[in-house]
Amino acid sequence: MRSVPERDAACAIAQAAAVVGDWWSLLLIRETARGHHRFDALQEELGISRKVLTERLAHLVETGVLEKVPYQDRPVRHEYRLTESGRGLLPVLLSMQDWADRWVFGDGSLSGTADEAGAEARRVAGLAGGRLPRLELPAHLDGAPVDPVAGGTATVLFCYPATGSPSPLPDGWAGIPGTVGCTLENRLFRDAYEDFRAAGAEVRGISTQRPDEQRVFAVEEGLPFTLLSDVDLRLAAALRLPTFRAGQLLRLKRAVLVVDRDRVVRHTRFPVTDVPAAVDEALTEVRRLAADPGPRPEGPRGTLA
């Protein structure tokens, strides 16, 4: 946390770095996006000293990135929530994550999928057993905010890069590994939708396309379930979902999550290399939850053992 020298007073990059360029400040934004809002929870997640944590939180509150919200009266205790300004930094965090996945963990090649033994796969597998923080995403029907978790036995969230309708896909899209198959995936979930509903589950498709784009596609394909737009990358930041950049936009890599009524992630599949098998696997998991909703130990790659 340092002041901006006079020579950089008009430089927006320098001004932004003065607010969030510190290691701990960036990680605090990451953790609040993930749903950790209280002092003790933040300290536990980050392994940071109380003194440094107090300083960084005060700085982020002073600069308007976080706000203090009381959650207890006697004594008064506060939790820390992202402001609109703070949520505006989520694309910055996801761009950093995307860069590191490609250039630090990866070999620099552009890909819409990942190695099953790589850092991205381990990160998604690590979601199993954790809770999805409360957030809302705009729905394709009218752009109204909707909780991704629909209740019932479970909610199947399938993330996909983008469909080619109504907007054309970027040049070279088909040459990027993992991009082809988004329309097929939506159709397969559409065709199996009544089976998911019979098991008490709901289905949600998620991409970073705008709600109006998703609406045109949903009508064309006759989708019975809701598509949610993560155009502001709120879900991607909350779960640290893998992304890739194409057409100057961050796109979600294909992944499938099953979340129970208590918002606990009970099943993950990433990377998705066999779309029909991933749909069948999600349906099997939903039926298992309907028959036995109790917790089970986690298996390899975050799937349930």
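Procedures and definitions
Residues numbered from 1 in each chain as written. Predicted model: local features only at pLDDT ≥ 70, side-chain atom pairs only at ≥ 80, totals over all residues. Heavy atoms only, no water. Helix = DSSP H or I, 4+ residues; strand = E, 2+ residues; numbered from the N terminus. Polar contact = N/O pair within 3.5 Å; in protein donor to acceptor, adjacent residues only side chain to side chain. Contact = heavy atoms within 4.5 Å. Axes fitted to C-alpha atoms, helices over the stretch in contact; angles between N-to-C directions. Left-handed = near helix turned anticlockwise from the far one by under 90°. Nonpolar A, V, L, I, M, F, W, Y, C, P; charged D, E, K, R; others polar.

Visitor: When you look at the side chain of Thr155 in this model, what are you seeing that I'm missing?
Guide: Tracing the backbone shows Thr155 in strand S5 (residues 154–159). From its side chain, Thr155 meets the backbone nitrogen of Ala150 in a polar contact 2.9 Å long. Sequence-distant contacts of Thr155, defined by excluding residues within four places in its chain, comprise Pro148, Val149, Ala150, Glu202, Arg204, Leu257, Val258 and Val259.

Visitor: Would you mind showing me how to read the packing of helix H3 (residues 39–46) against helix H4 (residues 50–62) here?
Guide: For any two helices packed against each other, one specifies the inter-axial angle together with the distance between the axes. The contact between H3 and H4 brings their axes to 11 Å, and the two run at 115 degrees. Regarding H3 and H4, the two cross each other, and that crossing is right-handed. Contact residues: H3 offers Phe39, Asp40, Leu42 and Gln43, while H4 offers Arg50, Leu53, Thr54 and Leu57. For the contact of H3 with H4, the class distribution of residues is four nonpolar, two polar and two charged.

Visitor: For this particular structure, what's the right way to read the packing of helix H2 (residues 23–33) against H3?
Guide: Running from amino to carboxyl end, H2 crosses H3 at an angle of 115 degrees, the nearest separation of the two axes being 11 Å. Every pair of crossing elements has a handedness; the one defined by H2 and H3 is right-handed. On H3, the residues touching Trp24, Leu27, Leu28, Arg30, Glu31 and Thr32 of H2 are Leu42, Glu45 and Leu46. Considered class by class, the residues forming the contact of H2 with H3 number five nonpolar, one polar and three charged.

The quantities given are spatial measurements derived from coordinates; they are silent on function.
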